[in-house]
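Breakdown of the fold
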Amino acid sequence: MKASPASVTVIGVGAVGSRVLRQLGPLVTAHGATLAAYDVRPMRLGTTSRVQVLTAGQSAQAEVVVLATPSPQVDRADELLRQGCHVVCTSDDVADLRQLCDLGSLAQANGVALVAGAAVTPGLSGLLARHLSRRLDRVDEVHVAVHGTGGPACARQHHRALGGRALGWHDGDWLHRPAGSGRELCWFPEPIGPRDCYRAELGDALLLHRAFADVQRISVRMSATRRDRLTSRLPMLSPPHDEGGIGALRVEVRGWKGPRRVALIAGESERAAVTTGAVAAAFAMAAPGLEPGLVLAGDDRVPTGALLRDISTRGVRLWEFAGDDHEVMT
Amino acid sequence: MALTLAGTIAAALRVRGRGGVPPRQGGWRQLDVSS
C-alpha cells in the first residue's frame, strides 16, 4: 500500500464524522498530515487542536475527503472527484449508492478512488465476506444482518429502510420484497446475542452483488422490534438519540470446500458510529494506494486483509463463530 | 367486515412471525486477520 495521505478533510462532524477525525488524529502527529473539517464542535471531537477548522466558504479540497454527511452524498462526491480528490463515502442509502456507483468512470478518468459504502453495512460486511470467502473453494451465498444505528441521520435512514422495499439477489435475479418481512433469528457477537432480523431497504445487497458477481444468493437484514415494524411507515414519532447504543454485524458466507458444503460466520459488536468511523478512517488511509475508479468493500482488488487489520487496531474487535458443526445441509 | 378480519389476521401474523432455530453448539472467538 502507498504512504498515508498528506491531507484529509472530513465533511460532516456528527457521530460518525467526529469518530473519523479522532481515528485520523495520529496522522497529524505522526506524519505531519493536514486534517480539516467544517463545523467542529470541541465537546464532541476532543482533539480540535489537531484539526484545521474550515469555514463555509472554504474549499474542502484535500488528497482524501471523507463524506460523513446524511444521504445523499452523490453531488458532493461528484464535485470532489472533479477536483481530483479521493472520496470516501459512508452512505448506505440505496438510491445514493446506485448513483455513486455511476461515478466510477469519472473517478477513473480523474485518476482517483471513489470508495462507495465505507460503513458497517455496506463496508465492513463486504470486507468480512471477502475474508471468509478466501477459505472456501466456491462461494454461492452471502447473508448479512445488522443491529443498531449510529447518529440521528443513520437512525432516520434505518427507520425509512424498514418501511421501504428490500433488495436481495436470488438465483440470478433481484428479489424485491416488502421491508419488515422475512423474519430470521440471527445470533450476533456478545453482548448483543440473538435478535429478530427482517428484510430492509439497505444498499448492501447492491454492492455485494457487484463485489461477488458469481454469488447466487445475497440477503441483507436488520434487527427490529415489533414497535419498529408497526411504526415503520409512519414518520418517526420521537426524535432519535444523538447516538445509538451498541450495534452489531453478522456476515454468513456459504459455499463449498472440497465436497463439503460449509457456512462461515463472522461479525463484530461495537457502537455503530465507532465502527463506521474506523472503517471510513481505514479506507481514507488506504485511498491513495487504491486503484483509481469505483472501490467497493469486498471487491477482490481491494486489500481486504490490510483494511481488516487496520480496522481491528482501531478498537473494533472482529469475531468469528466457531462451532463443531460448520457443515450445512445441501 | 371480511376485509377487516383479513387485515387483522395478516397484521397479527406479520407482527408475530415465525420462530428461529438457536445454534446448538459453538461460540464466538476472535477473528484472525493477521495473514
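The structure we're discussing is the one just above.
No experiment lies behind these values; they were computed from the predicted model shown.

1. Focus on the overall build of chain A
Helix and strand counts for chain A stand at eleven helices and 16 strands. Its C-alpha atoms give chain A a radius of gyration of 19 Å, near enough to 20 Å, the size a compact globule of 330 residues would have. Across its three principal directions, the C-alpha atoms of chain A cover 55 × 45 × 35 Å. Among the 330 residues that make up chain A, the fraction classed as buried is 59%. Taking the intrachain contacts of chain A between residues at least 6 apart in sequence as the baseline, contacts between residues at least 24 apart amount to 71%. Only carbon and sulfur atoms are counted for the fraction: they give 49% of the accessible area of chain A, which is about 13,500 Å².

2. Considerations on the pairing of strand β4 (residues 64–67) of chain A
All names here are of chain A. Burial of β4 is two-sided: the residues Val-64 and Val-66 facing one way and the residues Val-65 and Leu-67 facing the other way are all buried. Here strand β1 (residues 7–11) runs beside β4; their pairing, made up of four bridges, is parallel. Across the sheet, the residue bridging to Ile-11 is Leu-67, located in β4. Of the pairings in the sheet, the one linking β4 to strand β5 (residues 86–89) comprises four bridges and is parallel in character. Within β5, the residue paired with Val-64 across the bridge is His-86. The parallel pair β4 and β5 is bridged by helix α3 (residues 74–82), and the resulting crossover is right-handed.

3. Brief notes about the pairing of strand β7 (residues 138–147) of chain A
Residue and element names in this part refer to chain A. Of all the ten residues making up β7, nine are buried; the element is thus mostly covered by neighbouring parts of the structure. The pairing of β7 with strand β12 (residues 217–223) spans six bridges and is classified as parallel. In the sheet register, His-143 faces β12, and the bridge partner there is Ser-219.

4. Digging into the layout of surface pockets
Residue and element names in this part refer to chain A. Here the second largest pocket is characterised by a volume of approximately 900 Å³. What lines the second largest pocket is a set of 30 residues, among which Thr-149, Ala-155, Arg-227, Asp-228 and Met-236 lie closest to the centre. Contributions of two or more residues to the lining of the second largest pocket are made by β7, α7 (152–161), β11 (194–199), β12 and α9 (226–230). Of the residues forming the lining of the second largest pocket, the biggest block, three residues, is contributed by α7. Of the residues belonging to the lining of the second largest pocket, the class tally is eleven nonpolar, 14 polar and five charged.

5. Re the packing of aromatic side chains
Scanning all chains against the criterion turns up two aromatic pairs over all chains. On the numbers, 5.0 Å between centres and 70 degrees between planes, the contact of Trp169(A) with Trp174(A) is edge-to-face. Relative to Trp28(B), the ring of Phe321(A) has its centre 5.5 Å away and its plane inclined at 80 degrees; by these criteria the two rings are edge-to-face. Placement of the pair is Phe321(A) in strand β16 (residues 318–322) and Trp28(B) in strand β1 (residues 27–30), with the two residues belonging to separate chains. The ring of Phe212(A) carries Arg130(A) above its face, with NZ or CZ at 4.2 Å from the centroid.

6. Points about empty space enclosed by the protein
Residues and elements named next belong to chain A. Enumeration according to the criterion identifies two cavities of 30 Å³ or more in this entry. Here the largest cavity defines a volume of roughly 70 Å³. His-143, Val-144, Ala-145, Glu-184, Cys-186, Ser-219, Arg-221, Arg-250 and Glu-252 together form the lining of the largest cavity. Sorting the residues of the lining of the largest cavity by element identifies β7, β10 (184–187), β12 and β13 (246–257) as the ones contributing at least two each. It is β7 that provides the largest number of residues to the lining of the largest cavity, a total of three residues. In terms of residue class, the lining of the largest cavity is built from three nonpolar, two polar and four charged. Taken as a whole, the second largest cavity spans an internal volume of roughly 40 Å³. Every residue along the wall of the second largest cavity is listed here: Ala-116, Gly-117, Pro-122, Gly-123, Ser-125, Gly-126, Asp-204, Leu-207, Leu-208, Leu-296 and Ala-297. Sorting the residues of the lining of the second largest cavity by element identifies α6 (124–133) and α8 (204–211) as the ones contributing at least two each. A class-by-class count of the residues in the lining of the second largest cavity yields six nonpolar, four polar and one charged. Two domains each put at least three residues into the lining of the second largest cavity: domain 1 (7–120 + 275–309) and domain 2 (124–272 + 317–328).

7. Describing the packing of helix α10 (residues 272–286) of chain A against helix α11 (residues 304–313) of chain A
Residues and elements named next belong to chain A. At their nearest, the axes of α10 and α11 sit 9 Å apart, and the two run at 130 degrees to each other. The angle between the axes of α10 and α11 places the two elements in the oblique class. The handedness of the crossing between α10 and α11 comes out as right-handed. Each of Ala-278, Val-279, Ala-282, Phe-283, Met-285 and Ala-286 in α10 lies in contact with α11, whose residues at this interface are Leu-307, Asp-310 and Ile-311. A per-class count over the contact of α10 with α11 returns eight nonpolar, no polar and one charged.

8. Notes on the pattern of salt bridges
Residue and element names in this part refer to chain A. Using the criterion set out here, one finds 16 salt bridges over all chains in the structure. In this structure, the salt-bridge partner of Arg-134 is Asp-300, at a minimum N-O distance of 3.1 Å. Note that Arg-134 is positioned in the loop between α6 and β7 and Asp-300 in the loop between β15 (293–295) and α11, a separation of 166 residues in sequence. Given a relative accessible area of 45%, Arg-134 falls into the partly exposed group. Among the ionic pairs, Arg-250 bridges to Glu-252, the shortest N-O distance being 3.0 Å. Under the relative-accessibility criterion, Arg-250 is labelled buried at 12%. The exposure class assigned to Glu-252 is buried, which follows from its relative accessible area of 8%. Within the structure, one salt-bridge network assembled from shared partners comprises Arg-138, Asp-140, Glu-141, Arg-250, Glu-252, Arg-254 and Arg-261.

Thresholds applied
- Residues numbered from 1 in each chain as written.
- Chains lettered and ligands numbered in written order.
- Predicted model: local features only at pLDDT ≥ 70, side-chain atom pairs only at ≥ 80, totals over all residues.
- Heavy atoms only, no water.
- Helix = DSSP H or I, 4+ residues; strand = E, 2+ residues; numbered from the N terminus.
- Rg over C-alpha atoms; globule rule 2.2 N^0.38 Å.
- Buried < 20%, exposed > 50% of the residue type's maximum accessible area, 1.4 Å probe, protein only.
- Contact = heavy atoms within 4.5 Å.
- Areas by Shrake-Rupley, 256 points an atom, 1.4 Å probe, with all protein chains shown as cover.
- Pairing = 2+ DSSP bridges.
- Right-handed = clockwise from strand over helix to strand, strands pointing away.
- 1 Å grid on protein atoms, 1.4 Å probe; cavity = no way out; pocket = protein on both sides within 12 Å on 5 of 7 lines; lining within 4 Å.
- Points joined across faces, edges and corners; volume = space filled by probe spheres on them.
- Nonpolar A, V, L, I, M, F, W, Y, C, P; charged D, E, K, R; others polar.
- Phe/Tyr/Trp six-rings, centres within 6.5 Å; stacked < 30°, edge-to-face > 60°.
- Lys NZ or Arg CZ within 6 Å of the ring centre and 35° of its normal.
- Domains from an automatic or database assignment.
- Axes fitted to C-alpha atoms, helices over the stretch in contact; angles between N-to-C directions.
- Parallel < 35°, antiparallel > 145°, perpendicular 65-115°, else oblique.
- Left-handed = near helix turned anticlockwise from the far one by under 90°.
- Salt bridge = Lys/Arg side-chain N within 4 Å of Asp/Glu carboxyl O.

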